[in-house]
Amino acid sequence: MSTTPTLTGQAIGQAHYATRALLERAVAPLGVSFGQVLALNVLASGPVEPAHLVRRITSTLKVDEPAVREVIASLVDADLAHLDEASVRLTDSGRATQARIADAVAGITARLYGDIPADEASAAARVLTLITQRANAELAATPV
């Protein structure tokens, strides 16, 4: 019987959910959700058009537009983001929160990936990128 791991959706999912649980635990004291973390990370690069932010998060989380609009509204309500017709941008509090999130992510990344040889990490990234591209293509071709 082989002890070599097999690449499956289950293995990928378990890695995703375990990593996500670590992130959610790390940001829980900040009072932000996973969707809010993603939106704050997008906004860290600077103001974006609301439609761009919606597209970015819907394509990442595979959720509908109303769900993302709720995330944006919750960021505005928490004074982490400012929304007007032209843009969504971080507030000072949002920048501070996003910096704390970035620190948490850096720590998790170092602990989980730090000792993985570069060639193995690159191979895993290539495979996961290909799987994501294929899944996205199927989603785009399949009516809801």
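Everything numeric here is computed off the predicted structure, so don't read it as measured data.

## Structural notes on the layout of surface pockets
When its volume is computed, the largest pocket comes out at roughly 1400 Å³. Looking at the lining of the largest pocket, the element that brings in the most residues is helix H6 (residues 118-141), giving 10 residues. Split into classes, the residues belonging to the lining of the largest pocket amount to 22 nonpolar, nine polar and three charged. For the second largest pocket, the calculated volume is near 210 Å³. Around the second largest pocket, the lining residues are Thr58, Ser59, Lys62, Asn136, Leu139, Ala140, Thr142 and Val144. The set of elements that each furnish at least two residues to the lining of the second largest pocket consists of helix H3 (50-61) and H6.

## Observations regarding the packing of H3 against helix H4 (residues 65-77)
As a packed pair, H3 and H4 sit with axes 9 Å apart at the nearest point and diverge in direction by 115 degrees. As H3 runs across H4, the sense of the crossing is right-handed. Note on element contacts: H4 touches H3 through Glu65, Val68, Arg69 and Ile72, opposite Pro50, Leu53, Val54, Ile57 and Thr58. Residue composition of the contact of H3 with H4, grouped by class: six nonpolar, one polar and two charged.

## Quick notes on the packing of aromatic side chains
If you walk through the whole model with that rule in mind, you get zero aromatic pairs. Of note, Arg20 hangs over the ring of Phe34, and the distance from its end group to the ring centre comes to 3.9 Å.

## Overview of H4
Taking 1.5 Å per residue, 13 residues should reach 18 Å; H4 reaches 18 Å between its end C-alpha atoms and fits that length. Every buried residue belonging to H4 is among Val68, Val71, Ile72 and Leu75, and all of these are buried. Here the buried residues of H4 occupy an arc of 95 degrees about the axis, which is enough to place them on one side. In H4, the exposed residues that point more than 90 degrees away from the buried face are Pro66, Glu70 and Asp77. Buried residues belonging to H4 abut helix H2 (34-43), H3 and strand E1 (81-83). Following H4 by one or two positions, Asp79 adopts a phi angle in the positive range, close to 60 degrees.

## Remarks on a nonpolar patch on the surface
A grouping of Leu7, Val127, Leu128 and Ile131 is seen on the molecular surface, where their side chains present a nonpolar patch of about 310 Å² in accessible area. Within the element layout of this structure, Leu7 appears in the segment before helix H1 (9-27).

## Focus: the side chain of Thr58
Take Thr58: it is sitting in helix H3. Judged by its relative accessible area of 18%, Thr58 falls in the buried class. Polar side-chain contacts of Thr58 include one of 3.1 Å to the backbone oxygen of Arg55. Apart from the residues lying within four places of it in its own chain, the contact partners of Thr58 are Val63, Asp64, Glu65 and Val68.

Cut-offs applied
- Residues numbered from 1 in each chain as written.
- Predicted model: local features only at pLDDT ≥ 70, side-chain atom pairs only at ≥ 80, totals over all residues.
- Heavy atoms only, no water.
- 1 Å grid on protein atoms, 1.4 Å probe; cavity = no way out; pocket = protein on both sides within 12 Å on 5 of 7 lines; lining within 4 Å.
- Points joined across faces, edges and corners; volume = space filled by probe spheres on them.
- Helix = DSSP H or I, 4+ residues; strand = E, 2+ residues; numbered from the N terminus.
- Nonpolar A, V, L, I, M, F, W, Y, C, P; charged D, E, K, R; others polar.
- Axes fitted to C-alpha atoms, helices over the stretch in contact; angles between N-to-C directions.
- Left-handed = near helix turned anticlockwise from the far one by under 90°.
- Contact = heavy atoms within 4.5 Å.
- Phe/Tyr/Trp six-rings, centres within 6.5 Å; stacked < 30°, edge-to-face > 60°.
- Lys NZ or Arg CZ within 6 Å of the ring centre and 35° of its normal.
- Expected span 1.5 Å × (residues − 1).
- Buried < 20%, exposed > 50% of the residue type's maximum accessible area, 1.4 Å probe, protein only.
- Arc of directions from axis to C-beta.
- Patch = residues over 30% accessible without salt bridge, like charges linked within 9 Å, V, L, I, M, F, W, Y side chains within 5 Å.
- Areas by Shrake-Rupley, 256 points an atom, 1.4 Å probe, with all protein chains shown as cover.
- Salt bridge = Lys/Arg side-chain N within 4 Å of Asp/Glu carboxyl O.
- Polar contact = N/O pair within 3.5 Å; in protein donor to acceptor, adjacent residues only side chain to side chain.

Read these as layout, nothing more, since geometry by itself doesn't imply function.
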